[in-house]
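What follows is each chain in one-letter form.
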Amino acid sequence: MRTVNVGIIGLGTVGGGVARLILSHHDDYVASYGIDLAIVRACALEPEAARACGIADEAFTTDWHDVVCDPSVDVVVELIGGEHPATEIYEAAFAAGKHVVTANKALLGRHVEQFASKARENGVQLKCEASCGGGIPIVSTLERDLVGNKILTIAGILNGTTNYILSRMEAEGADYADVLADAQAKGYAEADPSADVDGFDAASKTAILASIGFGTRVTTDDVFQQGIRTIAAEDIAQARELGYTVKLLGIARNTPAGVDARVHPTLIPIDHQLAKVAGAMNAVYVVGDAVGETMFYGAGAGSFPTASAVVGDILTLADPISKGAEPLPEPEPFKQNLPVRPMDELETKYYVRLKVADRVGALAEVVGVFAKNDISISLINQVEDAASDGDACSVIFLTHKAVEKNMQAAAAELAGASCVSEVANVLRIEDVSAWTEGVFEN
């Protein structure tokens, strides 16, 4: 058994958790797996970060080059995030023949094909379990355990901050701004929450999962992205009355017409498994043609849950190294190139909340705009509006299936109509039954 040497770049929340996990479980890894892990290099801005994790002073450096260029390091762990110097770290590590483990979803969401190809050229691997669901083992599941399936659907609650906000709004009847401010005060949301509440974080994860699950390249820029800033307590209450809950979902479907990849607030039935995921927890729902429906639930962030995924990747790489062999090179990425369907072509049902003038003929005028854009209405419900000045009232419209571009055209026309004072919200109602289309019958 040879010692496998690890170099960690970044000793923040996740990096510190990785160091503590390796050091505290060292003897267990030796006894259970015959793997002796040693942290021989650790990079952070201040030495106190290393000392707090129990890392020896002689292993500490403030220069990431010292980690990547150390000939004794077998596995480089990048946990600083961002595009630079992470890109340079990957490239230098691969050129030096070192494997890389990362949790950098923003970078991989846009460039995973580039880095996977570079790793393959240099005979090493790039591992990223922690990039898509914190402690949820979803990447390895798609890469290995479900590889006998054609993956049909991947849908998930992929951002704990937004799920925490929406869960509290539903439980307390509170408004978005109030819950966000409280979440920031308690540390559940960043001072600048844009990456979370505007959907970018979930879009990066959706792109990575779709790429792995469908075996084709999907970038973050391919994923339609809409956040939760427009969700009001009124929307959540109305959805509940109609038998739905509102979740920010990352949805990827492998359809005959191409890959459907999107992140947006979604109405889903209250009895669906994903509707029951509350608080800051994450869940990924995967449908394979043979296995059918599966769901993976757990903490999507945090020091030790994310460290669990990182160390799992390290141990996977370390197993053959410790026995005198080397892991196989990174597989050739994405042997097919499926088209990505434009969002305009999405066909689904919609929830629309309008502020409509309280006068005779106003509703008929609104319905006429929908009809003009080939949208059929299934339900109209006028609701009490405490904030109304008496000249307008809130009206909820549910539609039959309609095409996205038609709905957007109708919303734009209604925004300029004299009978409508505000297009308060347009939300998609997900057809969850379509997620299982293509599953083999038993």
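Below, the structure is looked at part by part. (Residues numbered from 1 in each chain as written. Predicted model: local features only at pLDDT ≥ 70, side-chain atom pairs only at ≥ 80, totals over all residues. Heavy atoms only, no water.)

### Points about the overall build of the protein
Each helix and strand counted, the protein has 16 helices and 17 strands in total. Taken over the C-alpha trace, the protein has a radius of gyration of 24 Å; the compact-globule value for 442 residues is 22 Å, and the two agree within 12%. For the protein, the spread of C-alpha atoms along the principal axes amounts to about 80 × 45 × 35 Å. A buried classification covers 55% of the 442 residues belonging to the protein. (Helix = DSSP H or I, 4+ residues; strand = E, 2+ residues; numbered from the N terminus. Rg over C-alpha atoms; globule rule 2.2 N^0.38 Å. Buried < 20%, exposed > 50% of the residue type's maximum accessible area, 1.4 Å probe, protein only.)

### Some thoughts on the sheet that holds strand β2 (residues 37-43)
The six strands lie next to each other as β3-β2-β1-β4-β5-β6, forming an open sheet whose pairing is parallel. The sheet is open, and its two borders are formed by β3 (60-61) and β6 (126-127), each paired with just one other strand. Examined bridge by bridge, strand β1 (residues 4-9) and strand β4 (residues 75-78) share four bridges and lie parallel to one another. Considered in β4, the bridge of Ile8 is made with Val77. (Pairing = 2+ DSSP bridges.)

### Observations regarding the packing of helix α15 (residues 362-372) against helix α16 (residues 404-415)
Interaxial distance between α15 and α16 falls to 9 Å at its minimum, and their mutual angle equals 145°. Note that α15 runs across α16; the crossing there is right-handed. Here Val366, Val369, Phe370 and Lys372 of α15 come into contact with α16, specifically with Met407, Ala410, Glu413 and Leu414. Of the residues contributing to the contact of α15 with α16, the split by class is six nonpolar, no polar and two charged. (Axes fitted to C-alpha atoms, helices over the stretch in contact; angles between N-to-C directions. Left-handed = near helix turned anticlockwise from the far one by under 90°. Contact = heavy atoms within 4.5 Å. Nonpolar A, V, L, I, M, F, W, Y, C, P; charged D, E, K, R; others polar.)

### Concerning a nonpolar patch on the surface
Taken together, the side chains of Leu363, Val367 and Ile380 present a nonpolar region at the surface, about 200 Å² in accessible area. Residue position: Leu363 is located in helix α15. (Patch = residues over 30% accessible without salt bridge, like charges linked within 9 Å, V, L, I, M, F, W, Y side chains within 5 Å. Areas by Shrake-Rupley, 256 points an atom, 1.4 Å probe, with all protein chains shown as cover. Salt bridge = Lys/Arg side-chain N within 4 Å of Asp/Glu carboxyl O.)

### A short note on helix α6 (residues 105-121)
Its maximal kink placed at His111, α6 deviates by approximately 85°. Looking only at α6, the buried set comprises Leu107, Leu108, Gly109, Val112, Phe115, Ala116 and Ala119. Where α6 is buried, its residues meet α5 (86-95), β5 (99-102), β6, α7 (130-133) and α12 (200-214). Once α6 finishes, Gly123 follows within two positions and takes phi at roughly 75°, a positive value. (Bend = angle between axes of the 7 residues up to and from the residue.)

### Focus: the pattern of salt bridges
Inspection of every chain in the model, using the stated rule, returns 22 salt bridges. A salt bridge links Asp201 to Lys105; the nearest nitrogen and oxygen atoms lie 3.3 Å apart. Within this pair, whereas Asp201 is found in helix α12, its partner Lys105 is found in helix α6, the two being separated by 96 residues in sequence. With a relative accessible area of 28%, Lys105 lands in the partly exposed category.

### Re the pairing of strand β11 (residues 281-288)
Counting buried positions over the eight residues of β11 gives seven, a clear majority of the element. For strand β7 (residues 151-157) and β11, the ladder comprises six bridges, and the chain directions are antiparallel. Bridge assignment links Ile151 to a residue of β11, and that residue is Gly288. Inspection of the sheet shows β11 paired to strand β12 (residues 292-299) by eight bridges, in the antiparallel sense. Bridge assignment links Met281 to a residue of β12, and that residue is Ala299.

### Quick look at the pairing of β5
Going residue by residue along β5, you find His99 and Val101 tucked away on one face and Val100 and Thr102 tucked away on the opposite face as well. Across four bridges, β4 lies against β5 in parallel orientation. Opposite Val75, over in β5, you have His99 as the bridge partner. Tracing the backbone out of β4, into α5 and back to the parallel element β5 gives a crossover that is right-handed. Note that β5 and β6 share two bridges and pair parallel. (Right-handed = clockwise from strand over helix to strand, strands pointing away.)

### Considering the side chain of His272
Relative to the helices and strands, His272 resides in the loop between β10 (258-269) and β11. In this structure, His272 is in contact with Tyr285, Val432 and Trp435, ignoring residues within four places of it in sequence.

### Notes on unusual backbone geometry
Across the junction of His84 and Pro85, the peptide omega takes the value 10°, indicating a cis bond. Looking at the element boundaries, Pro85 is found in the loop between β4 and α5. A positive phi angle, close to 60°, is found at Asp374, a residue other than glycine. With respect to the secondary-structure elements, Asp374 resides in the loop between α15 and β14 (377-383).

### What about the nonpolar core?
Ile138, Ile165 and Val286 are the most contacted members of the largest nonpolar core, which has 72 residues in total. Other than its neighbours up to four places away in sequence, Val286 contacts Ile138, Leu142, Leu146, Ile151, Thr153, Ile154, Gly292, Glu293, Thr294 and Phe296. Of all hydrophobic cores here, the second largest spans 35 residues; its members include Ile8, Val14, Cys53 and Phe60. (Core = buried A, V, L, I, M, F, W, Y, C linked by side-chain atoms within 4.5 Å.)

### Some thoughts on the packing of helix α1 (residues 13-24) against helix α14 (residues 303-322)
Their axes nearest at 8 Å, the elements α1 and α14 cross at an angle of 60°. Regarding the angle of α1 to α14, the classification is oblique. In the crossing of α1 with α14, the sense of the turn from one axis to the other is right-handed. Side by side, α1 and α14 meet where Thr13, Val14, Gly17, Val18, Arg20, Leu21 and Ile22 of the first sit next to Ser303, Phe304, Thr306, Ala307, Ser308, Val310, Val311 and Ile314 of the second. Residues belonging to the contact of α1 with α14 are distributed by class as follows: nine nonpolar, five polar and one charged. (Parallel < 35°, antiparallel > 145°, perpendicular 65-115°, else oblique.)

### Looking at the state of the cysteines
Inspection of every chain in the model, using the stated rule, returns zero disulfides. The thiol of Cys393 is not disulfide-bonded; the next cysteine sulfur, from Cys419, is found 11 Å away. Classification of Cys393 as buried rests on a relative accessible area of 10%. (Disulfide = S-S within 2.5 Å.)

### Comments concerning the environment of Phe296
Within the element layout of this structure, Phe296 appears in strand β12. Through-space distance from the C-alpha of Phe296 to that of Val286 is 8.1 Å; in sequence the pair is 10 residues apart. Apart from the residues within four sequence positions on either side, Phe296 is in contact with Ile136, Ile138, Thr141, Asn282, Ala283, Val284 and Val286.

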